[in-house]
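Each chain is listed here by its residues.
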Amino acid sequence: QVQLVESGGAWVQAGGSLRLSCAASGRTFSWYNMGWFRQAPGKEREFVAAITRNGGRTYYADSVKGRFTISRDNGANTVYLRMNSLKPEDTADYYCAAQGGSDYYVLSKYDYWGRGTQVTVSS
């Protein structure tokens with residue numbers, strides 16, 4: 001079992017920045033590939049970014065590429081999502097997730113999920 005707790009969500013104006021954190025506890029954090037997903041009101045949850053176990057590779061949705069950066073600190077059992085140049089369409093609940101496999105873009109392949117943190121971007 002892995003427990004994941006997100007933090008860092010806030011209200012921010014368009015063009016601003018936020019850094020989300022996801023703290024993990026339980027089984028060895030470095031065993032897992034980690035992802036960030038988001039869900040806007042009335043929409044399905046969608047992939048945002050993912051990072052491999054050792055942080056060597058990262059993957060992004062086209063909608064956030066160049067603006068968001070995923071990173072991890074295995075010593076601190078934490079994965080981060082740095083979000084720059086935020087847009088109103090980035091407004092959503094953001095979730096981190098962990099998987100033992102490598103289907104980074106596939107929501108159903110993630111084994112563990114946090115409860116989310118809310119990001120609101122005003123125009």
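See the structure above.
On a predicted model such as this, the values are computed, not experimentally measured, just so you know.

## Points about the environment of Tyr32
Along the chain, Tyr32 falls in the loop between strand 3 (18–26) and strand 4 (33–39). You can call Tyr32 buried: its relative accessible area is 7%. A sequence separation of 69 residues divides Tyr32 from Gly101, and the C-alpha atoms of the two residues are 7.8 Å apart.

## Observations concerning the sheet that holds strand 8 (residues 78–83)
In spatial order, the strands read 1-3-8-7; together these four strands make up an open sheet with antiparallel pairing. A single partner strand is all that each edge strand has here, and the edge strands are strand 1 (2–7) and strand 7 (68–73). The average angle at which neighbouring strand axes cross in this sheet is 15°, direction not considered. By the bridge criterion, six bridges tie strand 7 to strand 8 in an arrangement that is antiparallel. Counted as the bridge partner of Ile70 is Leu81 from strand 8.

## Some thoughts on the environment of Arg57
One can find Arg57 in the loop between strand 5 (46–51) and strand 6 (58–60). A C-alpha to C-alpha distance of 9.6 Å links Arg57 and Ser71, two positions 14 residues apart in sequence.

## Observations concerning the pairing of strand 11 (residues 117–122)
As paired strands, strand 2 (residues 11–13) and strand 11 are joined by three bridges and run parallel to one another. Each bridged residue has a counterpart across the sheet, and for Val12 the counterpart in strand 11 is Val121. The pairing of strand 9 (residues 92–99) with strand 11 spans three bridges and is antiparallel. Bridged to Asp93 within strand 11 is Gln118.

## With respect to the packing of aromatic side chains
In this structure the tally under the stated criterion is eight aromatic pairs. A ring pair is formed by Phe47 and Tyr105, whose centres lie 4.6 Å apart and whose planes are at 55°; its orientation type is tilted. With Phe47 in strand 5 and Tyr105 in the loop between strand 9 and strand 10 (112–113), this pair connects stretches of sequence that are 58 residues apart. Overall, the relative accessible area of 11% leaves Phe47 in the buried class.

The rules behind the values
Position numbers for residues count from 1 along each chain, tracking the sequence in the order it is written. In keeping with the predicted nature of the model, local features appear solely for residues at pLDDT of at least 70, side-chain atom pairs appear and are counted solely at 80 or more, and the whole-chain, interface and lining totals rest on all residues. Calculation of side-chain values draws on the structure's entire complement of heavy atoms; hydrogens and water are dropped beforehand. By definition, any uninterrupted DSSP run of H or I lasting at least four residues is a helix, any uninterrupted run of E lasting at least two residues is a strand, and each is numbered from the N terminus. Only protein chains enter the accessibility calculation, which uses a 1.4 Å probe; a residue is then buried when its area is under 20% of its type maximum, exposed when over 50%, and partly exposed in between. By definition, two strands form a pair when at least two bridges between them are found by DSSP. Axes, fitted as lines to C-alpha atoms, cover a helix only where it is in contact. Angles between the N-to-C directions of the axes lie from 0 to 180 degrees. Only the six-membered ring of Trp is used, alongside the rings of Phe and Tyr, when aromatic pairs are assigned; centres must lie within 6.5 Å, and planes under 30 degrees apart are stacked while those over 60 apart are edge-to-face, with the rest tilted.

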